[in-house]
Amino acid sequence: MNLKELVGIEAAKFVKDGMTVGLGTGSTAYYLVKELGRRVNEEGLKITGVVTSSKTEEQAKELGIPLKAIDDVESVDLTIDGADEISDDFQGVKGGGAALLFEKVVATYSKDCIWIVDESKMVNKLGNFPLPVEVVPFGSHNVFRLFESKGYKPTWRMTDSNELLTTDGGHYIIDLHLEVIEDPHALAAELDTCVGVVEHGLFIDMISRVIVGKPDGPQILEVPKK
Ligand code: 5RP
């Protein structure tokens, strides 16, 4: 079993009958959704899923997991998602799979969030993984130039056929190559006020737990309460 599968299966154990569950996006969340599908079909687990992308929606529908749209629930009990980087103090970078906006919306309306990662995602400081910033197409080249002037080394997220990638929300993604993010709170606040930016991949103070896949088994890290 690979480490992503290991943590996907481990995380599914936190899902109980009657829960509304936020279903993350990516190659790790894929295994969570697969395991929840198995439990729904084989164990009669009763859940309602809330998806974070069209990709996850497709998978969940194929597995027969009952779904509701985020707008049709007042809150989500537990969201389980992958991450691209998690720092020592449990802040994260997400959006490698281009689903950051919907992932952050679902996480924001969730009572509890868990991230599932293999051990390669655990880092001292964030920033080695390019930070995704989702932008409105209108004026986005000016946002790109603004990031260039700030020394953020922006690049456009492209598709395999070398076109600008369009997210599920109809936006573009600019990746910032920052190498190290010394102050994630300050950068998040700066990006939050940048006109044309819809959302960014800094997920600050959002989770209660991380499940880390290690060769000798899953490690569950509890995030200290603030
Ligand atoms: C998608 C995400 C993913 O959760 C993140 O990119 C991790 O993906 P993977 O599990 O494939 O490494 O944020 O927008």
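Look up: the structure comes first, before these words.
Let me begin by describing the structure that accompanies this report. None of the values given here were measured: they were computed from a predicted structure. Numbers given for residues are sequential positions, taken from 1 along each chain in its written order. Side-chain atom pairs in this predicted model are given and counted only at pLDDT of 80 or more, local residue features only at pLDDT of at least 70, and totals for whole chains, interfaces and linings cover all residues. Values shown for side chains rest on all heavy atoms present in the structure; no hydrogens or waters enter the calculation.

## Let's talk about the overall build of the chain
A run of H or I in DSSP counts as a helix once it spans at least four residues, and a run of E counts as a strand once it spans at least two, with each numbered from the N terminus. From N to C terminus, the chain includes 6 helices and 13 strands. Only C-alpha atoms enter the radius of gyration; for comparison, a globular chain is expected to reach 2.2 Å times N to the power 0.38, where N is the number of residues. Relative to the compact-globule value of 17 Å for 226 residues, the chain shows a C-alpha radius of gyration of 17 Å, a close match. Counting only C-alpha atoms, the chain reaches 55 × 35 × 35 Å along its principal axes. Counting over 226 residues, the chain shows a buried share of 50%. Considering only residue pairs separated by 6 or more positions, the chain has 73% of its internal contacts joining residues 24 or more positions apart. For the chain, the accessible area works out to roughly 10900 Å², and carbon and sulfur atoms hold 51% of it. Just so you know, the count uses Lys and Arg for positive and Asp and Glu for negative, and it drops His and the chain ends. Charged side chains are reduced to one point each, which is NZ for Lys, CZ for Arg, CG for Asp and CD for Glu. Treating the 23 positive side-chain charges of the chain as one cloud and the 37 negative ones as another, the clouds have centres 3 Å apart. Residue exposure (1.4 Å probe, protein chains only): buried if accessible area is under 20% of the type maximum, exposed if over 50%, otherwise partly exposed. Throughout, a residue-residue contact means that at least one pair of heavy atoms, one from each residue, lies within 4.5 Å. For accessible areas, the Shrake-Rupley method is used with a probe of radius 1.4 Å. Any residue's cover is judged against the shown protein chains and nothing else.

## Here we look at the sheet that holds strand β12 (residues 209-214)
At least two bridges found by DSSP between two strands are what make those strands a pair. If you walk across this open sheet you meet the 6 strands as β2-β1-β3-β6-β12-β13, and the pairing is mixed. One side of each edge strand has no neighbouring strand; the edge strands of this open sheet are β2 (48-51) and β13 (217-222). Neighbour to neighbour, the strand axes of the sheet diverge by 20° on average, direction disregarded. In the sheet, strand β6 (residues 113-118) pairs with β12 via 5 bridges, with the strands oriented parallel. Bridging from a neighbouring strand, I114 pairs with R209 of β12. Each of β3 (78-81), β6, β12 and β13 is contacted by helix α1 (residues 3-12), which is oriented at about 145° to β12, the strand it contacts most. Helix axes are fitted only over the stretch in contact, all axes being lines through C-alpha atoms; the angle between N-to-C directions runs from 0 to 180 degrees.

## Things to note about the packing of helix α2 (residues 29-43) against helix α3 (residues 54-63)
Running from N to C, α2 and α3 point in directions that differ by 20°, and their axes come no closer than 9 Å. In terms of orientation, α2 and α3 fall into the roughly parallel class. In the packing of α2 onto α3, the handedness of the crossing is right-handed. Note on element contacts: α3 touches α2 through T56, Q59, A60 and L63, opposite Y30, V33, K34, G37 and N41. The scheme is simple: roughly parallel for angles under 35 degrees, roughly antiparallel for over 145, roughly perpendicular for 65 to 115, oblique for anything else. Each helix crossing is assigned a hand: it is left-handed if the near helix lies turned anticlockwise from the far helix by less than a right angle, otherwise right-handed if that turn is clockwise.

## Things to note about the sheet that holds strand β4 (residues 85-86)
Strand order in the open sheet made by the 3 strands is β4-β5-β11, with antiparallel pairing throughout. Either end of the sheet is taken by a strand with one partner, and the two such strands are β4 and β11 (202-203). Pairing between β4 and strand β5 (residues 92-93): 2 bridges, direction antiparallel. Directly across from E85, in β5, lies its bridge partner V93.

## Some thoughts on the packing of aromatic side chains
Each Phe, Tyr or Trp ring (for Trp, its six-membered ring) is paired with any other whose centre lies within 6.5 Å, and the angle between the two planes then decides the class: stacked below 30 degrees, edge-to-face above 60, tilted in between. Considering all chains together, one arrives at 5 aromatic pairs under this definition. Aromatic pair Y30 and Y31: ring centres 5.2 Å apart, planes at 85°, arrangement edge-to-face. For Y30, a relative accessible area of 37% gives the class partly exposed. Positioned over the ring face of F203 is K94, at 5.6 Å from the centre of the ring. For a ring to carry a charge above it, either NZ of a lysine or CZ of an arginine must fall within 6 Å of the ring centroid while also lying within 35 degrees of the normal to the ring plane.

## Overview of the pairing of β6
Within a regular strand, side chains alternate between the sheet's two faces. Of all 6 residues in β6, 6 are buried, a share of seventy percent or more. Alternating residues of β6 divide into C113, W115 and V117 and I114, I116 and D118, and every residue in both groups is buried. Note: β3 against β6, 3 bridges, orientation parallel. What sits directly across from D81, in β6, is W115.

Structural measurements only, silent on function.
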